[in-house]
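Read off the chains here:
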Amino acid sequence: MLSQDEFLEMLDEIADEIPREFYHELNGGILLRPEAKLHPASEPWRRLWVMGEYRRSPTLGRFIYIYYGSFERLHGDLEKSELRKKVRHTVIHEFRHHLESLAGEHGLEREDARFLERYRYENI
């Protein structure tokens, strides 16, 4: 796994690939969190790691968290090029949440809810 500094460098490169217009009202930007985060619906026998989150706060504004520790746990054995694809996918996913939020859309939220339903059903 890349060190946290190397991961941050890769994340910055990916962030630079995103069109500037997508950052409209994303006043908090993209923040790298060191921890691994389990989803609240995660089961002990099949962990569900949170790779990234889009957040809105009345005091902090809009921002994206990327969880280094979650990537380390789930994808720590990947080659750098494969890890980059996973990180890029997560960043784009979170930007879609941001853009849909600005537009008053909820398509990705519904997709995420369907994913969680499949996860729960498979864990019965």
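Look up: the structure comes first, before these words.
Conventions and cut-offs
- Residues numbered from 1 in each chain as written.
- Predicted model: local features only at pLDDT ≥ 70, side-chain atom pairs only at ≥ 80, totals over all residues.
- Heavy atoms only, no water.
- 1 Å grid on protein atoms, 1.4 Å probe; cavity = no way out; pocket = protein on both sides within 12 Å on 5 of 7 lines; lining within 4 Å.
- Points joined across faces, edges and corners; volume = space filled by probe spheres on them.
- Helix = DSSP H or I, 4+ residues; strand = E, 2+ residues; numbered from the N terminus.
- Nonpolar A, V, L, I, M, F, W, Y, C, P; charged D, E, K, R; others polar.
- Expected span 1.5 Å × (residues − 1).
- Buried < 20%, exposed > 50% of the residue type's maximum accessible area, 1.4 Å probe, protein only.
- Arc of directions from axis to C-beta.
- Polar contact = N/O pair within 3.5 Å; in protein donor to acceptor, adjacent residues only side chain to side chain.
- Contact = heavy atoms within 4.5 Å.
- Pairing = 2+ DSSP bridges.
- Axes fitted to C-alpha atoms, helices over the stretch in contact; angles between N-to-C directions.

## Concerning the layout of surface pockets
Roughly 970 Å³ of internal volume is contained in the largest pocket. His39, Gly52, His93, Glu94 and Asp112 are, among the 33 residues lining the largest pocket, the residues nearest its centre. Put simply, the parts of the chain that give the lining of the largest pocket at least two residues each are strand S3 (49-50), strand S4 (52-57), helix H2 (68-75), helix H3 (80-103) and helix H4 (107-122). Counting residues per element, the lining of the largest pocket draws most heavily on H4, which supplies nine residues. Residues belonging to the lining of the largest pocket are distributed by class as follows: 13 nonpolar, eight polar and twelve charged.

## Notes on helix H1 (residues 4-17)
End to end, H1 covers 20 Å across 14 residues, agreeing with the expected 20 Å (1.5 Å per residue, within 8%). Phe7, Met10, Leu11, Ile14 and Ala15 are the residues of H1 that are buried. Down the axis of H1, the smallest arc covering the buried residues is 140 degrees, so these residues share one side. Residues of H1 that are exposed and point more than 90 degrees away from the buried face comprise Asp5, Glu9 and Asp16.

## A few points about the side chain of Arg62
Tracing the sequence through the fold places Arg62 in strand S5 (residues 61-67). A distance of 2.8 Å separates the side chain of Arg62 from the side chain of Tyr54, its partner in a polar contact. Excluding anything up to four places from it in sequence, Arg62 contacts Glu25, Leu26, Asn27, Gly28, Gly29, Tyr54, Arg55, Arg56, His98, Ser101 and Leu102.

## Let's talk about the sheet that holds strand S1 (residues 29-33)
Sheets are built from strands paired through backbone hydrogen bonds, the pairs being either parallel or antiparallel. One open sheet accounts for three strands, arranged S1-S5-S4; its pairing is mixed. Pairing within the sheet leaves two strands with one partner each, and these edge strands are S1 and S4. Put simply, the sheet's adjacent strands are angled 30 degrees from each other on average, direction ignored. Here H1 sits on the sheet in contact with S1 and S5, set at roughly 160 degrees to S1. Together, S1, S4 and S5 form the strand contacts of H3, whose direction differs from that of S4 by roughly 25 degrees.

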